[in-house]
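What the coordinates show
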Amino acid sequence: MDPAAASSCSHTYKAPSSGQPGGVYEVRATVTWEIGWVGGGTSGSVEPVTTTAAVPLRVQRSSALNGAG
């Protein structure tokens with residue numbers, strides 16, 4: 001994959017976070033890099049590198065209005 005390319009993921013919460021500890025959901029993302037190299041007539045790889053980050057997310061419920069009619 002191209003590391004400069006944009007990527008995204010999503011999740012739909014079906015309930016507000018008010019019922020969770022601290023009133024928030026914890027959102028966690030983990031990325032694992034697999035690293036290989038080529039140069040000088042040789043090649044190799046290193047052990048995968050994994051990083052994780054977490055942030056609290058407050059989710060509130062909202063209602064949609066349909067103006068058609």
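Preceding block: the structure.
Note that the structure is predicted; figures quoted are calculated from it, not measured. Residue numbers run consecutively from 1 along every chain, following the written order of its sequence. For a predicted model such as this one, the threshold for reporting local features is a pLDDT of at least 70, and the threshold for listing and counting side-chain atom pairs is 80 or more; totals across whole chains, interfaces and linings nevertheless cover every residue. Side-chain calculation: all heavy atoms of the structure are included, whereas hydrogens and water are not.

So, about the overall build of the protein. Here a strand is any run of E in DSSP of at least two residues, a helix any run of H or I of at least four, and the numbering for each starts at the N terminus. Looking only at helices and strands, the protein features zero helices and two strands. Note on classification: 1.4 Å probe, protein chains only; a residue is buried when its accessible area is under 20% of the maximum for its type, exposed when over 50%, partly exposed between these limits. Of all 69 residues assigned to the protein, the portion counted as buried reaches 6%. When checking whether two residues touch, look at their non-hydrogen atoms; a contact exists if any pair is within 4.5 Å. Contacts in the protein between residues at least 24 apart in sequence constitute 52% of all its contacts with a sequence separation of at least 6.

Moving on to the pattern of salt bridges. Salt bridges are defined as contacts in which a side-chain nitrogen from Lys or Arg sits within 4 Å of a carboxyl oxygen from Asp or Glu. Tallied over the full model, the rule gives one salt bridge. The partner of Arg-28 in a salt bridge is Glu-26, and the shortest N-O contact between them spans 2.6 Å. Neither Arg-28 nor Glu-26 differs from the other in exposure class; each is exposed.

Note: strand S1 (residues 25-39) against strand S2 (residues 42-57), 14 bridges, orientation antiparallel. Of the residues in S2, the one forming a bridge with Arg-28 is Ala-54. Should DSSP find at least two bridges between two strands, the strands are taken to pair. Here S1 hands over to S2 after two residues, with Gly-40 in that stretch at a positive phi of 60 degrees.

Residue placement: Thr-52 occurs in strand S2. By relative accessible area, Thr-52 is classed as partly exposed at 45%. Beyond its immediate sequence surroundings of up to four residues, Thr-52 is in contact with Arg-28, Ala-29 and Thr-30. What qualifies as a polar contact is a pair of N or O atoms within 3.5 Å, subject to a donor-acceptor requirement within protein and to the restriction that residues adjacent in sequence count only when both atoms come from side chains. Here the side chain of Thr-52 touches Thr-30 through a polar contact of 3.1 Å, side chain to side chain.

This part covers the environment of Gln-60. Secondary-structure assignment places Gln-60 in the segment after S2. Overall, the relative accessible area of 65% leaves Gln-60 in the exposed class. Along the backbone, Gln-60 and Tyr-13 are 47 residues apart, and their C-alpha atoms lie at a distance of 9.4 Å.

This part is about the side chain of Ser-17. Structurally, Ser-17 is set in the segment before S1. Among the polar contacts made by the side chain of Ser-17, one reaches the main-chain amide nitrogen of Val-59 at a distance of 2.8 Å. Discounting residues that sit within four places of it in the chain, Ser-17 has contacts with Gly-23, Val-24, Tyr-25, Leu-57, Arg-58 and Val-59.

To count toward a patch, a residue needs a relative accessible area over 30% and no salt bridge; like charges are then connected within 9 Å, while nonpolar side chains (Val, Leu, Ile, Met, Phe, Trp, Tyr) are connected within 5 Å. The Shrake-Rupley method, run with a 1.4 Å probe, gives the accessible areas here. Residue values count only the displayed protein chains as cover. On the surface, Val-31, Trp-33, Ile-35, Trp-37, Val-46 and Val-49 cluster together into a nonpolar patch covering about 530 Å² of accessible area. Among the elements of the structure, S1 and S2 are those that each provide at least two residues to the nonpolar patch. Element by element, the count of residues in the nonpolar patch is highest for S1, at four residues. The topology assignment puts Val-31 in strand S1. For Val-31, a relative accessible area of 39% translates into the label partly exposed.

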